[in-house]
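In case you want the letters, here they are:
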Amino acid sequence: MALCTAELMDGSTIQYVESDDPPTGTMKRTYFTPDRSQVVQFFIDQSAGRDPNRLARLQAIIGKYNPTIPEEKGGAKGTSATAAVYFRQLFCWPTGIVVKPHFGIVAPTYPQNFFFSDGPWEGGEKKGLWFFGSNTRKYLPESEKGSFIQYLSICLQMSRAIRRLHQAGLAHSDLSSNNVLIDPTSGRCIIIDIDSLVVPQVFPPDVLGTPGYIAPEVVSTQHLPLSDPNRNHPSIRTDLHAMAVLIYESLLKRHPLDGPKRHSVTSGEEDEILVMGAKALFIEDSNDPSNRPKDLTVPYTVLGPHLAPLIKQTFVDGLHEPFKRAHSAEWEGALNKTWDLLIPCANPSCEQKWFVFHDGIHGVCPFCGTPIANSFPILRLRKETRPGIWMNDGKVVVYHGIYLYKWHVYDHVLPGEEADRTAIAYCSLYEGKWILVNQGLSSMITDSGSRVPPGSAIELKDGQGFTFANDLHGRRVAVEMLQPAQYVGI
Ligand SMILES: [Zn+2]
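Quick caveat, the model's predicted, so the values are computed rather than measured.

### A few points about the overall build of the chain
Along its length, the chain carries 13 helices and 19 strands. Against the compact-globule benchmark of 23 Å for 490 residues, the chain has a radius of gyration of 25 Å, which places it among compact chains. When the backbone C-alpha atoms are referred to their principal axes, the chain occupies close to 75 × 55 × 45 Å. Here the chain, with 490 residues, has 38% of them falling under the buried criterion. If you take every contact in the chain between residues at least 6 apart in sequence, the share linking residues at least 24 apart comes to 55%.

### Things to note about helix α11 (residues 304–317)
With 14 residues, α11 should reach 20 Å at 1.5 Å per residue; the first-to-last C-alpha distance of 19 Å fits that figure. Of the residues making up α11, those classed as buried are Gly 304, His 306, Leu 307, Leu 310, Ile 311, Thr 314 and Phe 315. One side of α11 carries all its buried residues, which in axial view fall inside an arc of 140°. Buried positions along α11 lie against α8 (236–252), α12 (328–339) and β10 (354–356).

### So, the environment of Ser 428
Mapped onto the secondary structure, Ser 428 falls in strand β14 (residues 425–430). The contact partners of Ser 428, leaving out residues within four places of it in the chain, are His 400, Gly 401 and Ile 435.

### Concerning the sheet that holds strand β15 (residues 433–438)
Across the sheet, which stays open at both edges, the four strands sit in the order β13-β14-β15-β17 with antiparallel pairing between neighbours. Each having just a single partner strand, β13 (403–404) and β17 (457–459) make up the two edges of the open sheet. With six bridges joining them, β14 and β15 adopt antiparallel strand pairing. In the sheet register, Tyr 430 faces β15, and the bridge partner there is Lys 433.

### Quick word on the packing of α8 against α11
At a minimum axis separation of 11 Å, α8 and α11 run at an interaxial angle of 125°. Here α8 is positioned oblique relative to α11, judged by the angle of their axes. Of the two possible hands of crossing, α8 and α11 adopt the one that is left-handed. Contact residues: α8 offers Leu 240, His 241, Ala 244 and Tyr 248, while α11 offers Ile 311, Thr 314 and Phe 315. The class makeup of the residues in the contact of α8 with α11 is five nonpolar, two polar and no charged.

### Focus: the environment of Ile 424
Relative to the elements of secondary structure, Ile 424 occurs in the loop between α13 (406–409) and β14. Exposure remark for Ile 424: the 21 C-beta atoms within 10 Å place this residue in the buried category. For the pair Ile 424 and Val 413, spaced 11 residues apart in the sequence, the C-alpha separation amounts to 14 Å. Once residues within four sequence positions are removed from consideration, Ile 424 is found in contact with Leu 404, Tyr 405, Lys 406, Val 409, Gln 439, Gly 440 and Leu 441.

### Observations concerning the nonpolar core
In terms of nonpolar packing, the biggest core is built from 93 residues, with Phe 91, Cys 155, Met 158 and Met 243 touching the most fellow members. A domain-level breakdown of this core finds at least three residues from each of domain 1 (2–108) and domain 2 (112–339). In this structure Phe 91 touches Thr 68, Ala 161, Ile 190, Ile 191 and Ile 194, once residues within four positions along its chain are discounted. With 23 residues, the next largest nonpolar core counts Ile 378, Leu 404, Leu 441 and Val 452 among its residues.

### A word on the environment of Gly 11
For Gly 11, the location among the structural elements is in the loop between β1 (2–8) and β2 (13–18). The sequence separation of Gly 11 and Leu 240 amounts to 229 residues, and the corresponding C-alpha distance is 38 Å.

### Overview of helix α6 (residues 148–167)
End to end, α6 covers 28 Å across 20 residues, agreeing with the expected 28 Å (1.5 Å per residue, within 8%). Here α6 lies mainly inside the structure; 17 of its 20 residues are buried. Gly 169, located one to two residues past α6, shows a positive phi value of around 85°.

### Some details on the domain arrangement of the chain
Entries for the chain in the domain assignment read domain 1 (2–108), domain 2 (112–339) and domain 3 (375–486). Spacing between the C-alpha centres of domain 1 and domain 3 amounts to 45 Å.

### Some remarks on the packing of α6 against α8
Packing of α6 against α8 brings their axes to within 9 Å, and their N-to-C directions diverge by 170°. By the angle between their axes, α6 is roughly antiparallel relative to α8. Of the residues in α8, those in contact with Tyr 151, Leu 152, Ile 154, Cys 155, Met 158, Ser 159, Ile 162 and His 166 of α6 are Ile 236, Asp 239, Met 243, Leu 246, Ile 247, Ser 250 and Leu 251. For the contact of α6 with α8, the per-class residue count stands at 11 nonpolar, three polar and one charged.

The rules behind these values
- Residues numbered from 1 in each chain as written.
- Predicted model: local features only at pLDDT ≥ 70, side-chain atom pairs only at ≥ 80, totals over all residues.
- Helix = DSSP H or I, 4+ residues; strand = E, 2+ residues; numbered from the N terminus.
- Rg over C-alpha atoms; globule rule 2.2 N^0.38 Å.
- Buried ≥ 20, exposed ≤ 12 C-beta atoms within 10 Å, placed from the backbone.
- Contact = placed C-beta atoms within 7 Å.
- Expected span 1.5 Å × (residues − 1).
- Arc of directions from axis to C-beta.
- Pairing = 2+ DSSP bridges.
- Axes fitted to C-alpha atoms, helices over the stretch in contact; angles between N-to-C directions.
- Parallel < 35°, antiparallel > 145°, perpendicular 65-115°, else oblique.
- Left-handed = near helix turned anticlockwise from the far one by under 90°.
- Nonpolar A, V, L, I, M, F, W, Y, C, P; charged D, E, K, R; others polar.
- Core = buried A, V, L, I, M, F, W, Y, C linked by C-beta atoms within 7 Å.
- Domains from an automatic or database assignment.

Here is the structure:
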């Protein structure tokens, strides 16, 4: 162990602790700074340092495409200070280029919650791989498993982070369960290995991706020379495939293409290439059930009216037609709407603990079969499209302890990176009655004209209406109480 000094391209220096046995990936060796808050990573292939494309790519990633630094401080165009802080939690973004003693990068260390503190992988990174398959999940400590609401939160953050990359024209190029670390306990994720991003106008990196996440059109042309015009390279379209695989795996704990066809592969690599490439088939394709696992009991349609169409669009219509795949912004929107339909399962030993409430589940938890036993309110949101004309604009399924935010109150506020994440109201079941407690709405008013000042509450009753905020863009709400016998028609 020795304390060494690395020199950065901008002339500054950083100290790191040299060790004989540094963590080594396929591309880089990692050393920690003395306080372990940052890492200095040297590329194993040092000729990389003489590759002008790689250098140009890294400079663009650290500078003009960097969403973790505000635009006014040299970061990506349009990035506010609020957005920069938000995205710093979602990306492990490189902060500098090292030129001496070797070519490499400086990056923040992953937060501690992305390392296992217990169980068979203690000290290891929390890769999705351990959480998605039943073979590995059974070895996880209970405290690490997480429930459906936390996986939905992870998917939401991931889609927001990838939407931000795509919005700037960047592609990650190697999204996989290795490069998106997840912490189901806290419902958080972080995207790593940012240095192989595909940057506009710069020659793309020589990355194929990770098996299981490579888009079929890339798998089926991987045998062609790199310069062959028929070879498909990683792009935003291939990211959309990989991201959809990660979302499907997170929420349903299985791989969307891994069915009987893959298990029947006996003659090695060539068949594997066909099954994941030119002949790839969604395990839940309703037109061709030949790849459907026999033990599949929870169909993707349980994810509700917003996510199910995107899954079909990506794995049926867009599996071999990349331009038909759902965009990252569509996933983000659908995940946001699905968040408002979540309901806790009444069965304390249900493995998922939460599910999406909609017509198709017929009033029972789709994961454990426990029926919903109680009545509960739905808030039907309306926005004013023209003076006096109110249109339906989403709904919120109410559960005990749910919080409401500005994006529920105003029709022009989105729950994105710029959003104010202070709760403005909450609902609870109090002495047998459902109530909504106003925490921060200064002009809330019921349809009968009663003001509801901050700190006071109203009972949520069937047919009742109120306005969250009696000003421009404020939504109106119609309350509907659902009884156990009426769990259809929402
Ligand atoms: Zn359940």
